[in-house]
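Examining the three-dimensional arrangement
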Amino acid sequence: MCESALLAAIEAEPDNDLPRLIYADWLEEHGQAERAEFIRLQCELAQMPLAHPERPHRHQRAEQLLYDHELRWLGEWNRARLIDWRFDRGMLDTIEMGPRPFLWHGQELLQREPVRRLRLNGPYGEGVAAEVIPQIIQVPHFARIRGLDLS
């Protein structure tokens with residue numbers, strides 16, 4: 001199975017960890033063991049009770065992997081395009097960026113990552129201009145955004 005098909009499966013079932021775990025297996029088979037481990041750890045932590053004795057150790061390991069590899073995993077989506085971001089269950093889930101960069105690059109990002117929460121603001125923290133909103137919601141794959149902050 002190719003990577004794009006695996007990512008499409010994650011997008012089709014964003015609340016199901018099984019496609020994420022299958023993708024983790026694929027990543028490991030293709031020389032990306034750290035990313036695979038990170039996905040597995042975050043999926044495990046999402047299901048693990050807060051009081052579980054292994055939780056602190058696994059959380060620490062996931063945070064270390066993120067610290068060591070995050071910018072490489074983000075690629076060109078690092079600070080050059082994104083203001084802030086958050087991974088959930090191993091995948092990029094929440095992003096903050098400017099409205100213009102989103103219009104220029106949002107389709108590419110939403111095709112590649114199962115982003116479900118989006119915050120758009122101007123370079124000085126100002127909100128999004130009303131005339132830009134119709135263009136934003138026309139970006140392909142925008143319909144799967146479940147949380148939107150335009151403040």
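Let me begin by describing the structure that accompanies this report. (Residues numbered from 1 in each chain as written. Predicted model: local features only at pLDDT ≥ 70, side-chain atom pairs only at ≥ 80, totals over all residues. Heavy atoms only, no water.)

What follows covers the packing of helix α1 (residues 3-12) against helix α2 (residues 17-29). Two quantities define a packed helix pair, namely the angle between the axes and the distance from one axis to the other. At a minimum axis distance of 8 Å, the contact between α1 and α2 shows a crossing angle of 160°. The angle between the axes of α1 and α2 places the two elements in the roughly antiparallel class. The crossing of α1 and α2 is left-handed. Residues Glu 3, Leu 6, Leu 7, Ala 9 and Ile 10 of α1 touch α2, and the partners they reach there are Pro 19, Arg 20, Ile 22, Tyr 23 and Trp 26. Here the contact of α1 with α2 is built from residues that sort into eight nonpolar, no polar and two charged. (Axes fitted to C-alpha atoms, helices over the stretch in contact; angles between N-to-C directions. Helix = DSSP H or I, 4+ residues; strand = E, 2+ residues; numbered from the N terminus. Parallel < 35°, antiparallel > 145°, perpendicular 65-115°, else oblique. Left-handed = near helix turned anticlockwise from the far one by under 90°. Contact = heavy atoms within 4.5 Å. Nonpolar A, V, L, I, M, F, W, Y, C, P; charged D, E, K, R; others polar.)

Strand order in the open sheet made by the four strands is β1-β2-β3-β4, with mixed pairing throughout. Here the strands that pair on one side only, and so sit at the sheet edges, are β1 (84-88) and β4 (147-149). Going across the sheet, the axis of each strand differs from the next one's by a mean of 15°, ignoring polarity. Pairing of strand β2 (residues 91-97) with strand β3 (residues 117-120), which is carried by four bridges, proceeds in the parallel orientation. (Pairing = 2+ DSSP bridges.)

For the rest of this paragraph, the subject is helix α5 (residues 99-112). If you check α5, its first and last C-alpha atoms are 19 Å apart, about what 14 residues at 1.5 Å a residue would give, namely 20 Å. At His 105, α5 is deflected by roughly 65°, the largest bend along its length. Burial in α5 covers these residues: Pro 99, Phe 102, Gly 106, Leu 109 and Leu 110. In this structure, the buried side of α5 is in contact with α1, β2, β3 and α6 (133-137). (Expected span 1.5 Å × (residues − 1). Bend = angle between axes of the 7 residues up to and from the residue. Buried < 20%, exposed > 50% of the residue type's maximum accessible area, 1.4 Å probe, protein only.)

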